[in-house]
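Architecture at a glance
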Amino acid sequence: MENKEIYAHIDHTLLKAFAKWEDIEKLCDEAVKYQTASVCIPQTYIKRVKEKYGDKLTICTVIGFPLGYNLTESKIVEAEQSLANGASEIDMVVNISDVKNGDYEKVEKEIRAIKEAIGDKILKVIIETCYLTEEEKIAMCEAVTKAGADYIKTSTGFGTDGARMEDVILFKDHIGENVKIKAAGGVKTKEDLVAFIEAGCDRIGTSSAIKMLKGEENKSDY
């Protein structure tokens, strides 16, 4: 697989709490140069990135991140303000406590509410697989599908573990035909990137795609 094809699947990501503007600029410059699918950045930088780069790149951001226990109303405000500032893709974290409590209908309702709020913009739903049982993962596949989200995403990159191939395979067996898969966290090499894409991941979230495609190991997640 050619590097250009791999970059087209990458959400070039920087979500560390201490990210400075110069770090975000570097990320965006790289995204433009290598034509990544998007940049995934903190909400606080969206407007500034949009003003500088315009339509040269696609801006993705995260809401309810990274723990997911924000109120639905708060997540909707985050999403709407992010779109107003220039983002066009939203990665939301589900309320993991609701999942662990078995309140899957509540999770589905929240996903649907956020999707309705952002309309035709892309919604990716982070279920944080490292905390879930297989039964809970399957329930989340169903919730994401029924709620009309565009993607199911493995991880925040801040949990105890990142993307695992067995979860991607599980997703493929249980998501609807209109739902795509995003893997994030724990992708370490070019071989990993290729493997996840070939397994069915439409997007991969990582801060280190360029390093990996130069043959260097990724020692961090986000």
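Residues numbered from 1 in each chain as written. Predicted model: local features only at pLDDT ≥ 70, side-chain atom pairs only at ≥ 80, totals over all residues. Heavy atoms only, no water.

- Named according to an unreviewed UniProt entry, the protein is Deoxyribose-phosphate aldolase originating from Anaerococcus prevotii.
- Annotation of the protein in UniProt includes, under Sequence similarities (unreviewed entry), the sentence "Belongs to the DeoC/FbaB aldolase family. DeoC type 1 subfamily."
- Under the heading Subcellular location (unreviewed entry), UniProt records this for the protein: "Cytoplasm". (UniProt positions renumbered as here; feature names shortened; annotations may be inferred.)

1. Describing the packing of aromatic side chains
- Overall, the coordinates contain 3 aromatic pairs when judged by the stated rule.
- Where phenylalanine 65 meets phenylalanine 158, the ring centres are 5.4 Å apart and the plane angle is 90°; that geometry is what we call edge-to-face. You can see phenylalanine 65 sitting in the loop between strand S3 (59-63) and helix H4 (72-85) and its partner phenylalanine 158 sitting in the loop between strand S6 (151-153) and helix H8 (165-174), a full 93 residues away along the chain.
- Overall, phenylalanine 65 belongs to the partly exposed group, its relative accessible area being 22%.
- Here the guanidinium or amino end of lysine 124 rests over the ring plane of tyrosine 151, the centre of that ring lying 5.9 Å away. (Phe/Tyr/Trp six-rings, centres within 6.5 Å; stacked < 30°, edge-to-face > 60°. Helix = DSSP H or I, 4+ residues; strand = E, 2+ residues; numbered from the N terminus. Buried < 20%, exposed > 50% of the residue type's maximum accessible area, 1.4 Å probe, protein only. Lys NZ or Arg CZ within 6 Å of the ring centre and 35° of its normal.)

2. Points about the packing of helix H2 (residues 21-34) against helix H3 (residues 46-53)
- Running from N to C, H2 and H3 cross one another at 45°; their axes reach a closest spacing of 11 Å. Classified by the angle their axes make, H2 and H3 are oblique. Classified by chirality, the crossing of H3 by H2 is right-handed. Listed contacts from H3 to Trp21, Ile24, Glu25, Cys28, Asp29 and Val32 of H2 are Arg48, Val49, Lys52 and Tyr53.
- Of the residues assigned to the contact of H2 with H3, the class counts are 6 nonpolar, no polar and 4 charged. (Axes fitted to C-alpha atoms, helices over the stretch in contact; angles between N-to-C directions. Parallel < 35°, antiparallel > 145°, perpendicular 65-115°, else oblique. Left-handed = near helix turned anticlockwise from the far one by under 90°. Contact = heavy atoms within 4.5 Å. Nonpolar A, V, L, I, M, F, W, Y, C, P; charged D, E, K, R; others polar.)

3. Structural notes on helix H6 (residues 104-118)
- Compared with the 21 Å implied by 1.5 Å per residue over 15 residues, the 22 Å span of H6 between its first and last C-alpha is a close match.
- All buried positions along H6 are accounted for by Val107, Glu108, Glu110, Ile111, Ile114, Lys115 and Ile118. Viewed end-on, H6 has its buried residues packed into an arc of 160°, placing them on one side of the element. Turned more than 90 degrees away from the buried face of H6 sit Glu105, Lys109 and Glu116, all of them exposed.
- Each element contacted by the buried residues of H6 is listed here: S3, H4, strand S4 (89-93), helix H5 (96-100), strand S5 (122-126) and helix H7 (134-147).
- Directly after H6, the chain includes glycine 119, whose backbone phi takes a positive value near 65°. (Expected span 1.5 Å × (residues − 1). Arc of directions from axis to C-beta.)

4. Quick notes on the sheet that holds strand S1 (residues 10-13)
- Around the barrel, 8 strands lie side by side as S1-S2-S3-S4-S5-S6-S7-S8; this closed barrel has parallel pairing. Shown here is a sheet whose adjacent strand axes are inclined to one another by a mean of 25°, direction ignored.
- Strand direction decides the pairing type here: S3 and S4, joined by 4 bridges, are parallel. When the bridges of S4 are listed, valine 62 appears paired with aspartate 91.
- Together, S3, S4 and S5 form the strand contacts of H6, whose direction differs from that of S5 by roughly 155°. (Pairing = 2+ DSSP bridges.)

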